[in-house]
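Read off the chains here:
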Amino acid sequence: MKRQVRKAVFPVAGLGTRFLPATKASPKEMLPIVDKPLIQYGVEEAVAAGVETLVFIIGRTKNAIADHFDKAYELEAELEARNKTDLLKVVRNIVPNGVECVYVRQAEALGLGHAVLCARPVVGDEPFAVILADDLIEEDAREGGALSQMARHFSKYQCSILGVERVPKAESDKYGIVHPLPFATRLSNVDGIIEKPKPENAPSDLAVVGRYILTPRIFDLLVHIPRGAGNEIQLTDGIAALLHEEQVLAYEFSGRRHDCGSKLGYLVATIEYGLRHPELGERFRTYLQTFGCQFDGSAPSGTPPALNLSAAPREEEPHSL
């Protein structure tokens with residue numbers, strides 16, 4: 001019987017130091033992209049892919065995330081009393097019926113691999129997704145969200161899959177880079193993976209970004225691997241060990257990625273999503289044009305053209321921060 005991906009892990013215990021002072025009392029994952037917090041976009045992507053259990057790996061300062069996905073009786077009662085039915089529907093549908101939220105406290109920030117390992121009691125012996133909310137990936141009109149695309153390939157191949165995209169070789173030292181072998185259209189067999197190699201040592205231009213589907217074997221490997229860069233348990237090291245035992249695929253997903261872990265990437269995403277907002281998009285575009293902003297003509301039919309901005313450079317931040 002083929003297994004399906006029904007659980008997704010969200011490592012959200014980092015302190016978000018690059019966005020201080022905004023993140024001093026509020027999690028960076030709760031920063032809004034227009035009118036919706038960043039973490040909610042990742043949750044919606046997971047639910048659209050068939051995920052039924054959302055596992056949040058949180059730190060002691062991340063209670064706002066749990067509050068956001070919890071039921072808000074007072075707010076709902078107030079909206080209902082004021083007959084604000086549209087807003088009431090929005091609030092009630094933040095987490096759809098049948099989807100469970102589980103919160104696991106990461107006592108120490110010991111790296112992304114450690115955060116994933118904290119999810120083991122909830123995930124158990126099942127395949128699971130990992131979503132890094134900092135990487136906001138636009139849904140492709142034809143293929144759906146990045147995780148939905150990956151889940152379809154998992155259903156067929158039943159092995160771990162890494163979401164990848166091509167990056168300039170000069171930026172290879174900001175990503176985990178895979179050594180790919182041909183497999184299928186936009187799919188490669190991963191023959192090796194190197195964390196943040198120098199450009200001259202990079203095995204390809206395929207960088208692992210914030211989407212993974214992993215088999216439960218990764219947990220045993222994360223328990224036994226030595227600490228890596230930054231004296232942390234690195235997920236990349238666990239995947240490198242997994243390659244010796246199981247097939248791992250790299251998938252070039254369809255959909256534009258915004259690095260919202262950087263200030264510039266966050267601002268670009270806010271503008272892009274603002275231009276697509278059903279209520280504000282046209283007025284916002286008109287406003288930007290008064291400042292001489294230029295727009296591409298390559299936007300999909302029915303959506304405002306995108307700003308002609310180059311991709312924001314990726315900034316580095318240890319998972320513990």
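Bear in mind the structure is a predicted one, so any value in this text is a computation, not a measurement. (Residues numbered from 1 in each chain as written. Predicted model: local features only at pLDDT ≥ 70, side-chain atom pairs only at ≥ 80, totals over all residues. Heavy atoms only, no water.)

Visitor: Help me understand the packing of helix H10 (residues 263–276) against helix H11 (residues 281–289), please; the structure alone is not making it clear to me.
Guide: Two quantities define a packed helix pair, namely the angle between the axes and the distance from one axis to the other. Packing of H10 against H11 leaves a shortest axis separation of 6 Å and a crossing angle of 125 degrees. Between H10 and H11, the interaxial angle falls into the category oblique. Packed against H10, whose contacting residues are Ile271, Gly274 and Leu275, the element H11 presents Gly281, Phe284, Arg285 and Leu288 at the interface. When the residues that make up the contact of H10 with H11 are grouped by side-chain class, the tally is four nonpolar, two polar and one charged. (Axes fitted to C-alpha atoms, helices over the stretch in contact; angles between N-to-C directions. Helix = DSSP H or I, 4+ residues; strand = E, 2+ residues; numbered from the N terminus. Parallel < 35°, antiparallel > 145°, perpendicular 65-115°, else oblique. Contact = heavy atoms within 4.5 Å. Nonpolar A, V, L, I, M, F, W, Y, C, P; charged D, E, K, R; others polar.)

Visitor: Mind showing me how you'd approach the nonpolar core here?
Guide: In globular proteins that are soluble, nonpolar side chains generally tend to be buried together. Judged by nonpolar contacts, the single largest core of 40 residues is most densely connected at Phe10 and Phe56. Elements supplying a minimum of two residues to this core: strand S1 (7–11), helix H1 (38–48), strand S4 (53–58), helix H2 (63–69), strand S6 (128–131), helix H7 (146–157), strand S11 (206–214) and strand S12 (248–252). Among the elements that line this core, the one with the most residues is H7, at five residues. The residues touching phenylalanine 10, leaving out its near neighbours within four places in the chain, are Ile39, Gly42, Val43, Ala46, Leu54, Val55, Phe56, Ile57 and Ile131. In this structure, Val55, Leu214, Phe219 and Leu235 belong to the second largest nonpolar core, which totals 37 residues. (Core = buried A, V, L, I, M, F, W, Y, C linked by side-chain atoms within 4.5 Å. Buried < 20%, exposed > 50% of the residue type's maximum accessible area, 1.4 Å probe, protein only.)

Visitor: Is there a simple way to think about H11 in this case?
Guide: Side chains three or four residues apart in an α-helix point the same way, a direct result of the helix having 3.6 residues per turn. By the burial criterion, the buried members of H11 are Gly281, Arg285 and Leu288. The buried side chains of H11 occupy one side of the element, clustering within an arc of 65 degrees when seen end-on. Taken together, the buried residues of H11 touch H10. (Arc of directions from axis to C-beta.)

Visitor: What is the right way to read helix H8 (residues 217–224) from this model?
Guide: Those residues of H8 not exposed but buried are Ile218, Phe219, Leu221 and Leu222. Projected down its long axis, H8 carries its buried residues within an arc of 165 degrees, all on one side. Check the buried side of H8 and you find it contacts helix H5 (112–118), helix H6 (120–123), S6, S11 and helix H9 (235–242).

Visitor: Help me out: how do you make sense of the state of the cysteines in this one?
Guide: One way to say it: the disulfide is the covalent bond shared by the sulfur atoms of two cysteines. Under the criterion given, the structure shown has zero disulfides. Its sulfur unpaired, cysteine 260 is 19 Å from the next cysteine sulfur, which belongs to cysteine 293. You can call cysteine 260 buried: its relative accessible area is 3%. (Disulfide = S-S within 2.5 Å.)

Visitor: Looking at this structure, how should I read the pattern of salt bridges?
Guide: Once their charged atoms are close, side chains differing in charge can pair, the charge on each being opposite to the other. Within the structure shown, the criterion is met by 23 salt bridges. Residue arginine 92 is joined to glutamate 80 by a salt bridge in which the shortest nitrogen-to-oxygen separation is 3.8 Å. Of this pair, arginine 92 sits in helix H4 (residues 85–92) while glutamate 80 sits in helix H3 (residues 73–81), placing them 12 residues apart in sequence. When the shortest N-O distance is used, the salt bridge between aspartate 220 and arginine 120 registers 2.5 Å. Taken together, the residues aspartate 220 in helix H8 and arginine 120 in helix H6 connect sequence positions 100 residues apart. With a relative accessible area of 27%, aspartate 220 lands in the partly exposed category. (Salt bridge = Lys/Arg side-chain N within 4 Å of Asp/Glu carboxyl O.)

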